[in-house]
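# Summary of structural features
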Amino acid sequence: MKLMEACSYNVTPGRFPKISKTDKILMCWWVFTGLTHMILEGYFVFTPEFYKQKNPTYLAEVWKEYSKGDSRYVGRDSAVIAVEGITAVLEGPACILAAYAIATRKSYSHLLQIAIALGQLYGTAVYFITSYLEGDNFAASAYYYYFYYVIMNSFWVWIPSLIVIRSWKKICAAVRAQEQKKTKTR
């Protein structure tokens, strides 16, 4: 309920057109995931020696902890670096653009959301498949495996999947309405 309240608060009243609750939640998702990609995953990609720091930063500690669920991060696995690099540099800023596109009702909003969500699904698939192909034995314990590796990453499977379905339906409905409008004017 707190997320709904936070997402429903209009910081700039009158600046943006009325936005549905679903769109507000999506804006929160896009900002959250965009900042996660740019800050958290960007730190991992651009700070290769994070695990060796004598006075580690908070983000270094986050990655050390997460590496208990997937040691490929500490091992600087090339597939993980590639996926996280693309995610941090391309998808992160695109997520922020998606939130803006929803807020301002840009015509490209749903197309952009589909593109980003498919990128997230592809990156997550590569992440899981490469782990499977390499033996899927990278966690310190079953707890870390299921909580960090499975549950925490599952959000980037089911949320983007729902976004693709929703945006696809919205685009199809808009095309259908446009076709009906053309048929009526003839």
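Scroll up for the structure.
Read on for a plain summary of the structure. (Residues numbered from 1 in each chain as written. Predicted model: local features only at pLDDT ≥ 70, side-chain atom pairs only at ≥ 80, totals over all residues. Heavy atoms only, no water.)

## Some remarks on the pattern of salt bridges
Stated precisely, the cut-off is as follows: Any carboxyl oxygen of Asp or Glu within 4 Å of a side-chain nitrogen of Lys or Arg constitutes a salt bridge here. A run of H or I in DSSP becomes a helix once it reaches four residues, and a run of E becomes a strand once it reaches two; helices and strands are each numbered from the N terminus. For every residue, the accessible area (1.4 Å probe, protein chains only) is compared with the maximum for its type, and the residue is labelled buried under 20%, exposed over 50%, or partly exposed between those bounds.
Applying the stated criterion to the full structure yields five salt bridges. We note a salt bridge from Asp23 to Arg166, for which the minimum N-O separation is 3.1 Å. Here Asp23 is found in helix α2 (residues 21-46), whereas its partner Arg166 is found in helix α6 (residues 142-185), with 143 residues between them in sequence. There is no split in this pair, since Asp23 and Arg166 are both buried. Linking Arg72 and Asp70 is a salt bridge whose minimum nitrogen-to-oxygen distance equals 2.9 Å.

## Considering the packing of α2 against α6
Geometrically, a packed helix pair is captured by the angle between its two axes and the distance between the axes. Let me state the cut-off plainly: To define axes, lines are fitted to C-alpha atoms, for helices over the stretch in contact only, and angles between the resulting N-to-C directions are given on a 0 to 180 degree scale. Between 65 and 115 degrees an angle is taken as roughly perpendicular, under 35 as roughly parallel, over 145 as roughly antiparallel, and anywhere else as oblique. Each crossing gets its handedness from the near helix: less than a right angle anticlockwise from the far helix is left-handed, clockwise is right-handed. Two residues qualify as a contact provided that any one of their heavy atoms is within 4.5 Å of a heavy atom in the partner residue.
Interhelical geometry of α2 versus α6 gives an angle of 135° and a closest axis separation of 12 Å. Our classification of the angle between α2 and α6 gives oblique. As for how α2 packs across α6, the hand of that crossing is left-handed. Seen from α2, the contacting residues are Thr22, Asp23, Leu26, Trp29, Trp30, Phe32, Thr33, Thr36 and His37; seen from α6, they are Phe155, Trp156, Ile159, Ile163 and Arg166.

## Focus: a nonpolar patch on the surface
To be explicit about the condition: Grouping into patches uses exposed residues only, defined as over 30% relative accessible area, and leaves out salt-bridged ones; the cut-off is 9 Å for like charges and 5 Å for nonpolar side chains (Val, Leu, Ile, Met, Phe, Trp, Tyr). Here the open area of atoms and residues is found with the Shrake-Rupley method and a 1.4 Å probe, where only the protein chains shown may cover a residue.
Among the surface-exposed residues, Val31, Leu35, Met38, Ile39 and Ile96 lie close enough to one another that they form a single nonpolar patch of about 360 Å² accessible area. The element that contributes the greatest number of residues to the nonpolar patch is α2, accounting for four residues. Among the secondary structure elements, Ile39 is positioned in helix α2. Overall, the relative accessible area of 48% leaves Ile39 in the partly exposed class.

## Section: α6
Here is the rule: Multiplying 1.5 Å by the residue count of a helix minus one yields the expected span of that helix. The angle separating two fitted axes, one through the seven residues that finish at a residue and one through the seven that start at it, defines the bend at that residue.
Compared with an ideal rise of 1.5 Å per residue, which puts 44 residues at 64 Å, α6 spans 63 Å between its outermost C-alpha atoms and is within 8% of the ideal. At Ser154, α6 shows its strongest bend, of approximately 30°. Residues of α6 that are buried include every one of Tyr144, Tyr145, Tyr148, Tyr149, Asn153, Trp156, Ile159, Pro160, Ile163, Val164, Arg166 and Ser167, and no others.

Spatial relationships are all this shows, so hold off on functional conclusions.
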